[in-house]
Amino acid sequence: MKLKTAKNEEPLTSTLQWKLLPTAEQKELIFTTMNTYIATVNTLVSEFCVLDQVDRRTTADVIAELPACLKNQTLRDAKSVFRKYRSACRKADAWNRKHPQEPKTATCAVLKKPAAIWNNQNYSIKQGKLGFPVFKDGKSTKIYVNVLIPAEQLNLWNHTKHGTLRITPKGDKLIAQVAVIHEEPVPFGAGIMGVDLGLKIPAVCSTDTNKIRFVGNGRKNKYLKRKFRSDRKRLGKAKKLNAIRKSRNKEQRIMRDIDHKISREIVNFAIDQQIAVIRMEQLTGIRATARTSRKNEKNLHTWSFYRLSHYIEYKARFAGIRVEYVDPAYTSQTCPVCGKRNHAKDRTYLCSCGFHGHRDIVGAVNIRNAVPMANGNS
Ligand SMILES: [Zn+2]
């Protein structure tokens, strides 16, 4: 099961991935459908760009050799791509007003990878086959494709509401990605735990029963990042652009995997400790920058903190654990005993009141004791 990050107000979903076993004819039909689907989305987006707005067109106005339900979905996808572009344009404009000497331009996404999306009304699973409409001989025709569904996923499928079906190739295989919508879990636990995210130690947890847990291996992460960066520098000199892109994707994959493991360990620890609430620092653009200078980190890391906090939030939500965000100001400087502000020397925090401790533990304790902010990490 592949976990997807979700904000609190959205339904709790996860994506199941199943391998399709189509006949040669079905495979061709599916590929034609996916290619037409993506081309139609791109055409619609370019038309919105010319009009500079989303007009009032409906499914009936979409000209494409696709079943009506897919036309409807291309329209939704195109609107979403266009709105993202418009939002990027507004951000670029705001930037350019402040920094006219280094202007930025927003670019509109052009979809490349074949894919198509069916909504939950338009596909079904029966007797090991996935049924969905494609366009065949000038009309919409439902095809039934053999699909491999692990037993426990079939059970989950039978007991949850369903979201969209997306079909996309992975290597030379076709993969069906189906969204399942879960019931909100019942609230769990009683305690509060602070989690301090950092580079030297990826995460420090501190519970209200004074249990501490260090999670992840900062040195190894740093080594990996350095290795990938020097690899790419070497490839850059040799002008091997394709290899650079592959190296970047591989680094992303490894880092994502590490973040999944770290977040899993944090949430498992929280479950063991009967935690009801996990508190973390809020990382917005400005806050993240403030944090960056504080811990002498580069902007690059903002994104990884953001991703890790979302993974923690998502896994915690599945366990019925609430996540709260706190103001990151002074969390590493304030003495947890007397409230005085001090600067930690190296890794040790020392206060005139007599308190001393590991600097990262101080951060986690202060995050745990901080008053949560009204809004979430968004
Ligand atoms: Zn003190």
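Just so it is clear, the structure is predicted and the values come from calculations on it, not from any experiment.

### Some details on the overall build of the chain
Here is step 1: On a plain count of helices and strands, the chain comes out with eight helices and 15 strands.
Here is step 2: Projected onto its principal axes, the C-alpha coordinates of the chain cover approximately 80 × 55 × 45 Å.
Here is step 3: Within the chain, the fraction of its 378 residues that count as buried is 25%.
Here is step 4: Considering only contacts in the chain between residues 6 or more positions apart, those separated by 24 or more positions represent 66%.

### Section: the pairing of strand β8 (residues 173-182)
Here is step 1: Across nine bridges, strand β2 (residues 12-21) lies against β8 in antiparallel orientation. Across the sheet, Lys-19 pairs through a bridge with Ile-175, a residue of β8.
Here is step 2: In textbook terms, the turn of a hairpin is the stretch between consecutive antiparallel strands, and for strand β7 (residues 161-170) and β8 this stretch comprises two residues, one of which, Gly-171, has a positive phi near 65°.

### Things to note about the packing of helix α4 (residues 218-237) against helix α5 (residues 241-272)
Here is step 1: The N-to-C vectors of α4 and α5 enclose an angle of 170°; their axes lie 9 Å apart at closest approach. Comparing their axes, α5 and α4 come out roughly antiparallel. In this structure, α4 uses Asn-221, Leu-224, Phe-228, Asp-231, Arg-232, Leu-235 and Gly-236 to contact α5, whose residues at the interface are Ala-243, Ile-244, Ser-247, Glu-251, Ile-254 and Ile-258.
Here is step 2: Each residue belonging to the contact of α4 with α5 can be placed in one class, and the counts come to seven nonpolar, three polar and three charged.

### Digging into the packing of helix α1 (residues 24-51) against helix α2 (residues 68-98)
Here is step 1: It is at 8 Å that the axes of α1 and α2 come closest, and there the two elements cross at 45°. In terms of orientation, α1 and α2 fall into the oblique class. Crossing hand, α1 versus α2: right-handed. Facing α1, whose interface residues are Tyr-37, Thr-40, Val-41, Leu-44, Val-45, Phe-48 and Cys-49, α2 presents Leu-70, Thr-74, Leu-75, Asp-77, Ala-78, Val-81 and Phe-82.
Here is step 2: Of the residues assigned to the contact of α1 with α2, the class counts are 11 nonpolar, two polar and one charged.

### A few points about unusual backbone geometry
Here is step 1: Unlike most non-glycine residues, Asn-210 shows phi in positive territory, near 65°.
Here is step 2: With respect to the helices, strands and loops of the structure, Asn-210 is situated in the loop between β10 (203-207) and β11 (212-215).
Here is step 3: For Gln-274, which is not glycine, the phi dihedral falls at a positive 55°.
Here is step 4: Of note, Gln-274 is situated in the loop between α5 and β12 (275-281).

### Concerning the sheet that holds β10
Here is step 1: Taking strand neighbours across the sheet as the criterion, the five strands line up as β11-β10-β9-β12-β13 in an open arrangement whose pairing is mixed. Each end of this open sheet is capped by a strand with a single partner; those strands are β11 and β13 (322-326). The mean angle between the axes of side-by-side strands here comes to 25°, regardless of whether they run parallel or antiparallel.
Here is step 2: With four bridges joining them, β10 and β11 adopt antiparallel strand pairing. Considered in β11, the bridge of Ser-206 is made with Ile-212.

### Points about α2
Here is step 1: Taking 1.5 Å of rise per residue, 31 residues should cover 45 Å, and α2 covers 46 Å from first to last C-alpha, within 8% of that figure.
Here is step 2: Turning to α2, its buried residues number three or more, namely Leu-70, Lys-71, Gln-73, Thr-74, Asp-77, Ala-78, Val-81 and Phe-82.
Here is step 3: Looking at the buried positions of α2, the neighbouring elements they touch are α1 and β3 (116-118).

### What about the nonpolar core?
Here is step 1: Val-195, Ala-203, Ile-266, Ala-270, Ile-278, Met-280 and Ile-312 are the most contacted members of the largest nonpolar core, which has 33 residues in total.
Here is step 2: Contact partners of Ala-270, with chain neighbours within four places excluded, come to Met-193, Ile-275, Ile-278, Ala-316 and Ile-321.
Here is step 3: Counting 27 residues, the second largest nonpolar core, distinct from the first, contains Met-34, Leu-66, Val-145 and Ile-167.

### Regarding the environment of Thr-160
Here is step 1: Of note, Thr-160 is situated in the loop between α3 (151-158) and β7.
Here is step 2: Along the primary structure Thr-160 and Lys-222 are separated by 62 residues, whereas in three dimensions their C-alpha atoms are 41 Å apart.
Here is step 3: Those residues in contact with Thr-160 that lie beyond four places of it in its chain are Val-180, Ile-181 and His-182.

### Some words on the pairing of β12
Here is step 1: The buried fraction of β12 amounts to six of the seven residues, a majority that puts the element mostly inside the structure.
Here is step 2: As paired strands, strand β9 (residues 191-197) and β12 are joined by four bridges and run parallel to one another. Bridging from a neighbouring strand, Gly-194 pairs with Arg-279 of β12.
Here is step 3: Both β12 and β13 contribute to a ladder of five bridges, which runs parallel. Residue Val-277 lies in a different strand from β13, and its bridge partner there is Arg-322.

### Some points on the confidence of the model for the chain
Here is step 1: Across the chain, pLDDT averages 89, with 92% of residues at or above 70.
Here is step 2: With pLDDT under 50 throughout, residues 1-8 is counted as low confidence; its partners more than four residues away or in other chains account for 18 contacts.
Here is step 3: Confidence drops under pLDDT 50 across residues 286-298; counting only partners more than four residues distant or on other chains, this segment forms 14 contacts.

### Digging into the domain arrangement of the chain
Reports often express the size of an interface as the amount of accessible area lost when the parts come together.
Here is step 1: Segmenting the chain into domains produces domain 1 (2-182) and domain 2 (191-369).
Here is step 2: Here domain 1 and domain 2 have C-alpha centroids that lie 33 Å from each other.

Reading the values: rules and limits
- Residues numbered from 1 in each chain as written.
- Predicted model: local features only at pLDDT ≥ 70, side-chain atom pairs only at ≥ 80, totals over all residues.
- Helix = DSSP H or I, 4+ residues; strand = E, 2+ residues; numbered from the N terminus.
- Buried ≥ 20, exposed ≤ 12 C-beta atoms within 10 Å, placed from the backbone.
- Contact = placed C-beta atoms within 7 Å.
- Pairing = 2+ DSSP bridges.
- Axes fitted to C-alpha atoms, helices over the stretch in contact; angles between N-to-C directions.
- Parallel < 35°, antiparallel > 145°, perpendicular 65-115°, else oblique.
- Nonpolar A, V, L, I, M, F, W, Y, C, P; charged D, E, K, R; others polar.
- Left-handed = near helix turned anticlockwise from the far one by under 90°.
- Expected span 1.5 Å × (residues − 1).
- Core = buried A, V, L, I, M, F, W, Y, C linked by C-beta atoms within 7 Å.
- pLDDT = per-residue confidence, 0-100.
- Domains from an automatic or database assignment.

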